[in-house]
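Spelled out from the first residue to the last, the chains are:
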Number of protein chains: 2
Amino acid sequence: MAKANEYFLRLSSGYLFPEIARRAALWQEKHPGVKLLKLGIGNTTEPITPHIAKKMREKIDALENRNTYTGYGDEQGDTPLRKAIAELYGREYGVSIDPLEVFVSDGAKSDAANIQEIFSEDSVVAVQDPAYPVYVDSNVASGRGGFYDEKKGLYDRLIYMPASEKDNFIPHPPKEHVDLIYLCFPNNPTGAVISKERLREFVEYAKREKAVIIYDAAYSDYIREEGYPHTIYEIEGAKDVAIEINSFSKNAGFTGVRLGWSIVPFSIKAESAPDGTIHRLWNRRQTTFFNGASNIAQAGGIAALSEEGRLECKGLVDYYLENARIIREGLEASGLRVFGGVNSPYVWAKCPEGLRSWEFFDLLIDKAHVIVTPGSGFGAAGEGYVRVSAYGHREDVIKAVESIRENLK
Amino acid sequence: MAKANEYFLRLSSGYLFPEIARRAALWQEKHPGVKLLKLGIGNTTEPITPHIAKKMREKIDALENRNTYTGYGDEQGDTPLRKAIAELYGREYGVSIDPLEVFVSDGAKSDAANIQEIFSEDSVVAVQDPAYPVYVDSNVASGRGGFYDEKKGLYDRLIYMPASEKDNFIPHPPKEHVDLIYLCFPNNPTGAVISKERLREFVEYAKREKAVIIYDAAYSDYIREEGYPHTIYEIEGAKDVAIEINSFSKNAGFTGVRLGWSIVPFSIKAESAPDGTIHRLWNRRQTTFFNGASNIAQAGGIAALSEEGRLECKGLVDYYLENARIIREGLEASGLRVFGGVNSPYVWAKCPEGLRSWEFFDLLIDKAHVIVTPGSGFGAAGEGYVRVSAYGHREDVIKAVESIRENLK
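The structure displayed is predicted, hence computed values, not measured ones.

The rules behind the values
- Residues numbered from 1 in each chain as written.
- Chains lettered and ligands numbered in written order.
- Predicted model: local features only at pLDDT ≥ 70, side-chain atom pairs only at ≥ 80, totals over all residues.
- Heavy atoms only, no water.
- Helix = DSSP H or I, 4+ residues; strand = E, 2+ residues; numbered from the N terminus.
- Rg over C-alpha atoms; globule rule 2.2 N^0.38 Å.
- Buried < 20%, exposed > 50% of the residue type's maximum accessible area, 1.4 Å probe, protein only.
- Contact = heavy atoms within 4.5 Å.
- Areas by Shrake-Rupley, 256 points an atom, 1.4 Å probe, with all protein chains shown as cover.
- Lys, Arg positive; Asp, Glu negative; His and termini not counted.
- Charge placed at Lys NZ, Arg CZ, Asp CG, Glu CD.
- Pairing = 2+ DSSP bridges.
- Buried area = accessible area lost by both parts, 1.4 Å probe.
- Salt bridge = Lys/Arg side-chain N within 4 Å of Asp/Glu carboxyl O.
- Polar contact = N/O pair within 3.5 Å; in protein donor to acceptor, adjacent residues only side chain to side chain.
- Phe/Tyr/Trp six-rings, centres within 6.5 Å; stacked < 30°, edge-to-face > 60°.
- pLDDT = per-residue confidence, 0-100.
- Least-squares fit on C-alpha atoms with pLDDT ≥ 70 in both.
- Domains from an automatic or database assignment.
- Axes fitted to C-alpha atoms, helices over the stretch in contact; angles between N-to-C directions.
- Disulfide = S-S within 2.5 Å.

## A closer look at the overall build of chain A
1) Next: Across its full length, chain A carries 12 helices and 15 strands.
2) Next: In terms of overall size, chain A behaves like a compact globule, its C-alpha atoms giving a radius of gyration of 21 Å where 409 residues would be expected to give roughly 22 Å.
3) Next: In terms of overall dimensions, chain A has C-alpha extents of about 60 × 55 × 50 Å along its principal axes.
4) Next: By the burial criterion, 63% of the 409 residues in chain A qualify as buried.
5) Next: Excluding contacts between residues fewer than 6 apart, the proportion of contacts in chain A whose partners are at least 24 apart in sequence is 73%.
6) Next: Put simply, chain A shows about 14,600 Å² of open surface, and 50% of that area lies on carbon and sulfur atoms.
7) Next: Of the side-chain charges in chain A, 49 are positive and 58 negative, and the distance between the mean point of each set is 1 Å.

Given below as structure tokens:
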């Protein structure tokens, strides 16, 4: 009999966000007519901006014309987009990236999930705790997680780097040897940003241990305070040890349009890799398992990286950061302890009175009709917190924050 | 030191199409000014049709409007599209599919490559020979292929189902037990179509052996002769044993727009699967590793399945089928033995005078400046053939066929 991949059985529960949707739908069923206010999923709500929309429409015009129609593009992405992404790193961060080191994808989630495929199944993997579930789940489903310990809320083969309040939610490199390290800054879910000094510790660790860092910078455009690195490549030597993943989802509103990229530098080495480096390996993976991102989305991506597009995206990010400020101040006024939300669209709030994450989740739905994301869904160290997302129309965010202020006392 | 996935090292060579592109570029470098005529990659050349283009533009308008903007959709695809796909099966093939059995993806290649992930690493896999390289490569890279035997041109853990001329390029089910069977009809590369009787043999085999069939029907709209199944679900009992993959690439010209789907019926069972079935497993895989196809592409997909869209797509397929007729007849007139190209965009031509596939490839470039695809790139049994693709502007196809007729004598 055909047999399932048993590693999938080791996944502790369903993917977090469908689970929240399920609970919300259940609650809604019991309370028809009540409008739920959503600060849960990090789902953008503001429209695609004019210049980007125009360029995507023009791409469709071109596809409708026999002389300008194109079919398959390169699996790695269209050359003008790869160039535009490389130029972004040079222009805005002073970092040199070769366009051939850029791999365009259908979004950061896919890359974050798939990148593990090019590494050995016996790799030891370190993750931040709490963390975006995809890093953990993709490794568990591929055999690197071991078994889930219900009591601890941890997988027994993963190395967790807990981020605690006293460390401002910035973890330290592992004490033991690991092969792969997943980092995400500005962090989802805590909203924490890492300084260059603290990030340097990870790069040094990776050099020493010959480990590879997978750096998820999907929220880098939300960094507005000085001194924080927008890309890990601002740290010297990072190009020898770090893959960086980024996305058009949260700055251009492409959550549904789907477009992202990964930088896989030529210089990262790995044992047993075809020519000793992993660049060729990821190239092989992408050309074999993927057929390129949608050409319409890619036209949008090129537009988003133009001068006009960057300005429009800055406007979008400003909007969500203003939402984050409203949430942060509103929750503080409600007596909650809050973190993040300054260089990040996520506010990380401590549950009051020792409540557990899902208990506070239930309380917020019941009392304030507001949906947030339980911190424990991001890992054991997220227990006792909830993530509040700044993605929403301004008036809805204000309504939700007011509802919490009025009903949480 | 971080270690690469060693299974990738077992891949016998680069992905076929980049390799062809590399050789063509090399030739072009040595012969500047000579125009190469391309009948190689199955890459669509005719524009997106008016109704579909219009609906995609309208989707962008909607995304540009604050009241109609949407972000993340369901990972499994937008409900209206899943419904439209299910309805297609009912309306055109008399087959009952639940919309929840439909998983929308960014294309058939991704699904064909990723589907193996939900099965156990020790699964025994059968593939047609020759076959679209993705079935083989995705399984080799995931540890199910074993080692490549250079002499035989075969992986030692895969079970090959050779398709030979005397069988009209339709293989027989394996003699031994296997867990997974990849089938593709109309076949890429041979252009062969399978009858209901012959397909029933595979369904019966799968029932008997409790195997799962992965049926790639990406070219089903090219079937124009009566009596051939457009979907494997036309065979009784197939819903208990077969996953079907399909695509908008070759009928709506979405090779660059990227959109496909898989049908994963509720009723397919597998050992160790969460509830004994693989539907939930694929759902978990897609929600964890994927974030939905581009919403603009999905709007195009819905349009393509409307009455107007189906008519437009039929027109596109007609165009390529007429190209295929021209190729078939032209090659025959050049004295070549040809197959396929009637219910398929691919003509499968026997190399003359005992030439090997890459030799004939080189000869066609050198003498006729025409690029085809060497049959051996699709597997050992493809040796001695080339695949000639009907994707091209009519005038280019005519030119290429004439060039072969004039220069091959």
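## Remarks on the sheet that holds strand 14 (residues 373-374) of chain B
All names here are of chain B.
1) Next: Spatially, 11-12-15-14 is the arrangement adopted by the four strands of the open sheet, whose pairing is antiparallel. At either end of the open sheet lies a strand with only one pairing partner, and these are strand 11 (338-340) and strand 14.
2) Next: The pairing of strand 12 (residues 346-350) with strand 15 (residues 385-389) spans five bridges and is classified as antiparallel. Counted as the bridge partner of A349 is V386 from strand 15.

## Observations concerning the interface of chain B and chain A
1) Next: Counting residues at the interface gives 85 residues for chain B and 86 residues for chain A.
2) Next: At the boundary of chain B with chain A, total buried surface from both sides reaches about 7,300 Å², with 56% on carbon and sulfur atoms.
3) Next: Of the charged contacts, one joins D137(A) and R284(B) as a salt bridge, the two residues approaching to 3.3 Å between their closest N and O atoms.
4) Next: Counting across the chain B and chain A interface gives 44 residue pairs in polar contact (both at pLDDT 80 or more).
5) Next: Elements with a minimum of two residues in the side of chain B that touches chain A: helix 2 (50-63), helix 4 (108-114), helix 5 (133-140), helix 8 (279-289), helix 9 (295-304) and helix 12 (394-407) of chain B.

## Remarks on the packing of aromatic side chains
Residue and element names in this part refer to chain A.
1) Next: All told, the structure shown has 40 aromatic pairs over all chains when counted by the stated rule.
2) Next: Ring geometry for Y89 against Y93: centres 5.6 Å apart, planes inclined by 80°, an arrangement best described as edge-to-face. Of the two residues, Y89 and Y93 both sit in helix 3 (residues 79-93), four residues apart, roughly one turn of that helix. An identical accessibility class is assigned to Y89 and Y93; each is buried.
3) Next: Relative to Y391, the ring of Y222 lies with its centre 6.4 Å away and its plane at 80°, an arrangement referred to as edge-to-face.

## Some details on the confidence of the model for chain A
1) Next: Considering every residue of chain A, the mean pLDDT works out to 95; 99% of them sit at 70 or more.
2) Next: For this predicted complex, the interface score ipTM comes out at 0.96, while the overall pTM is 0.96.

## Notes on the relation of the copies chain B and chain A
1) Next: Here chain B sits on chain A after a turn of 180° about the axis and a move of 0.0 Å along it, with an RMSD of 0.0 Å. Classification of the inter-copy transformation places it as that of a two-fold axis. The position closest to the rotation axis in chain B is occupied by the C-alpha of R57(B), lying 2.8 Å away.
2) Next: With an isologous cut-off of 70% or more, the 100% of interface residues of chain B that recur at the interface of chain A puts this contact in the isologous class.

## Quick word on the environment of F17(A)
Residue and element names in this part refer to chain A.
1) Next: With respect to the secondary-structure elements, F17 resides in helix 1 (residues 16-30).
2) Next: Classification of F17 by relative accessible area gives buried; the value is 11%.
3) Next: Along the chain, F17 and P133 lie 116 residues apart, while their C-alpha atoms are 9.7 Å from each other.

## Overview of the pairing of strand 9 (residues 242-247) of chain B
One face of the sheet, then the other: side chains in a regular strand alternate in exactly this way.
All names here are of chain B.
1) Next: Of all the six residues making up strand 9, six are buried; the element is thus mostly covered by neighbouring parts of the structure.
2) Next: The alternating pattern of strand 9 places A242, E244 and N246 and I243, I245 and S247 on opposite faces, both of which are buried.
3) Next: Sheet analysis places strand 8 (residues 212-216) next to strand 9, joined by four bridges and oriented parallel. Bridging from a neighbouring strand, I213 pairs with A242 of strand 9.

## A closer look at the domain arrangement of chain A
Residues and elements named next belong to chain A.
1) Next: Taken as a whole, chain A is organised into domain 1 (7-47 + 309-407) and domain 2 (53-306).
2) Next: The interface is formed by 39 residues belonging to domain 1 together with 51 residues belonging to domain 2.
3) Next: Carbon and sulfur atoms make up 55% of the surface buried where domain 1 meets domain 2, a total of about 3,700 Å² over both sides.
4) Next: When residues of domain 1 are sorted by the area they lose upon contact with domain 2, R10, R310 and N343 head the list and together hold 22% of the total.
5) Next: If you look at where domain 1 meets domain 2, you find five salt bridges.

## Side note on the sheet that holds strand 2 (residues 102-105) of chain B
Residue and element names in this part refer to chain B.
1) Next: Strand order in the open sheet formed by seven strands is 2-10-9-8-7-3-6, with mixed pairing between adjacent strands. In this open sheet, the two edge strands, each paired with only one partner strand, are strand 2 and strand 6 (159-162). Each strand axis lies, on average, 20° off the axis of its neighbour in the sheet, ignoring direction.

## Re the state of the cysteines
1) Next: Following the criterion strictly, the structure yields zero disulfides over all chains and no others.
2) Next: Free cysteine: C184(A), not disulfide-bonded; nearest cysteine sulfur from C313(A) at 19 Å.

## Notes on the pairing of strand 7 (residues 180-184) of chain A
All names here are of chain A.
1) Next: For strand 7, a buried count of five out of five residues is recorded, marking the element as mostly surrounded by other parts of the structure.
2) Next: Going residue by residue along strand 7, you find L180, Y182 and C184 tucked away on one face and I181 and L183 tucked away on the opposite face as well.
3) Next: Where strand 3 (residues 125-129) lies against strand 7, three bridges are found, and the strand directions are parallel. Within the sheet, the bridge partner assigned to A126 lies in strand 7 and is I181.
4) Next: The pairing of strand 7 with strand 8 (residues 212-216) spans five bridges and is parallel.

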